[in-house]
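As a plain string of letters, each chain reads:
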Amino acid sequence: TCKSGPCDLEVTGAGLDGSAYLTEMPSRDGAPDPGPMTGFTMSWNATDETYSYSNTEPSQCFAEGGAVVEHGYDLKTTGVLKFTAGSDSSAAAMHGTREMVATATPEGAAAGCETFSEKFVMAASPLGAFVENPPSLAGEYWASMWIAEIAPPDADRPKGVILTFNDPVTFIGEDSSYILGSWFGAPAALAPSGDGIWSSSATSNTDTCTESSVGGEYDSSQKWENLQIVTLTASGKPVISANYSWVAEPSPAGVAKGCERAVERGLAFLVPKEAA
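Keep in mind it's a predicted model, so treat the numbers as computed, not measured.

Peer 1: An account of the overall build of the protein is needed here, citing residue identities and associated values.
Peer 2: If you tally the helices and strands in the protein, you get two helices and 15 strands. Counting across all 276 residues of the protein, residues that qualify as buried make up 36%. As displayed, the protein offers around 15400 Å² of accessible surface, 52% of which is attributable to carbon and sulfur atoms.

Here it is, written out as structure tokens:
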């Protein structure tokens, strides 16, 4: 809304379903949900031509034994981004860093919560920047996932926690038309669904739920939906987001061995292996 630029930027989060909701910290069973991430303003710094923001807010801490300390931390978040204008051959982009410092409050420290800090590399691109002429997806990616649902419930992996996949995800084929994880022996076709979005699915009947099994205890399905390029690394490689789900229904053999229905569902982020 400013009359002459560069202007400050109003920023809001985009969640699992596009509702601008994404839990900042995990929410365990019985604990109040921390609620949606709040928006923030990125201010223009003329001296070094960057955008920056900084805010401090109270945050939960999970003490030993799973106890929740509501104001266990004062969480300070600082970000600095530099803007690169678009051209005929590349979309506009922003690259920079984001740092989080969680300082234990007296209440948190008394419960055993310790001060810690984390620093991230950030990248951003305009929404829809890669709908036309997207870069190739071919390559290997490290994947992490913000958990929306896990069944059976797992106290160590509650809603809101971020998991990292053990093995890289690979897009193969001359046109990056297949996706292969470490879960299935055969790759799954990656189909475009319009507007720069892809989807993929695969099934298996060889998954297990007991260590001594040779397989066949689960009939499972894996889906990647709303898969899209959200930005590029500084070297031009795509960073990808997708809704990921794995659902395993016990087969008759699995039911006989006491296997339970298993689910992992969440928002996945794929970063090029060379950039991680």
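Peer 1: Which residues make up the nonpolar core, and what values go with them?
Peer 2: Counting residues in hydrophobic clusters, the biggest one holds 30 residues, and the most contacted among them are Leu 137, Phe 171, Trp 224, Leu 227, Ile 240 and Leu 270. The set of elements that each furnish at least two residues to this core consists of strand 7 (139–151), strand 9 (169–172), strand 11 (188–194), strand 12 (197–207), strand 13 (218–232), strand 14 (238–250) and strand 15 (262–272). Counting residues in each nonpolar core, the second largest holds nine residues, with Ala 63, Tyr 73, Leu 75 and Ala 104 among its members.

Peer 1: Requested: an account of the pattern of salt bridges, with residues and values cited.
Peer 2: If you walk through the whole model with that rule in mind, you get four salt bridges. The shortest N-O distance in the salt bridge between Glu 149 and Arg 265 comes to 3.2 Å. Of this pair, Glu 149 sits in strand 7 while Arg 265 sits in strand 15, and the two are 116 residues apart along the sequence. For Glu 149, a relative accessible area of 31% corresponds to the partly exposed category. Among the residues examined, Arg 265 registers a relative accessible area of 35% and is labelled partly exposed.

Peer 1: Describe the confidence of the model for the protein, listing the residues and the values that go with them.
Peer 2: Counting all residues, the mean pLDDT for the protein is 78, and 78% of those residues have values of 70 or more. When mean pLDDT is compared element by element in the protein, helix 1 (residues 106–110) scores highest at 95, while strand 1 (residues 9–11) scores lowest at 64. Counting contacts from residues 15–26, a segment whose pLDDT is below 50, to residues more than four positions away or on other chains yields 44 contacts.

Peer 1: Lay out the environment of Lys 76 with the relevant residues and their values.
Peer 2: With respect to the helices and strands, Lys 76 occurs in strand 4 (residues 68–84). Residue Lys 76 is classed as partly exposed on the basis of its relative accessible area, which comes to 41%. Lys 76 has contacts with Ser 54, Asn 55, Thr 56, Glu 99, Met 100 and Val 101, leaving out every residue within four places of it along the chain.

Peer 1: Can you tell me about the packing of aromatic side chains, naming the residues and giving the values?
Peer 2: Following the criterion strictly, the structure yields three aromatic pairs and no others. Here the aromatic rings of Trp 224 and Tyr 244 are separated by 4.7 Å at their centres, their planes lie at 55°, and the arrangement is tilted. Of this pair, Trp 224 sits in strand 13 while Tyr 244 sits in strand 14; the two residues are 20 residues apart in sequence, bridging distant segments of the chain. In terms of burial, Trp 224 and Tyr 244 fall into one category: buried.

Peer 1: Give me the pairing of strand 4: which residues, what numbers.
Peer 2: The pairing of strand 3 (residues 50–62) with strand 4 spans eleven bridges and is classified as antiparallel. Residue pairing in the sheet places Ser 54 in a bridge with Thr 78 of strand 4. In sequence, strand 3 turns back onto strand 4 through a hairpin of five residues, with Gly 65 there showing a positive phi of about 90°. With twelve bridges connecting them, strand 4 and strand 5 (residues 93–104) associate as antiparallel partners. Residue pairing across strands places Val 80 opposite Thr 97, the latter belonging to strand 5.

Calculation notes
Residues numbered from 1 in each chain as written. Predicted model: local features only at pLDDT ≥ 70, side-chain atom pairs only at ≥ 80, totals over all residues. Heavy atoms only, no water. Helix = DSSP H or I, 4+ residues; strand = E, 2+ residues; numbered from the N terminus. Buried < 20%, exposed > 50% of the residue type's maximum accessible area, 1.4 Å probe, protein only. Areas by Shrake-Rupley, 256 points an atom, 1.4 Å probe, with all protein chains shown as cover. Core = buried A, V, L, I, M, F, W, Y, C linked by side-chain atoms within 4.5 Å. Salt bridge = Lys/Arg side-chain N within 4 Å of Asp/Glu carboxyl O. pLDDT = per-residue confidence, 0-100. Contact = heavy atoms within 4.5 Å. Phe/Tyr/Trp six-rings, centres within 6.5 Å; stacked < 30°, edge-to-face > 60°. Pairing = 2+ DSSP bridges.

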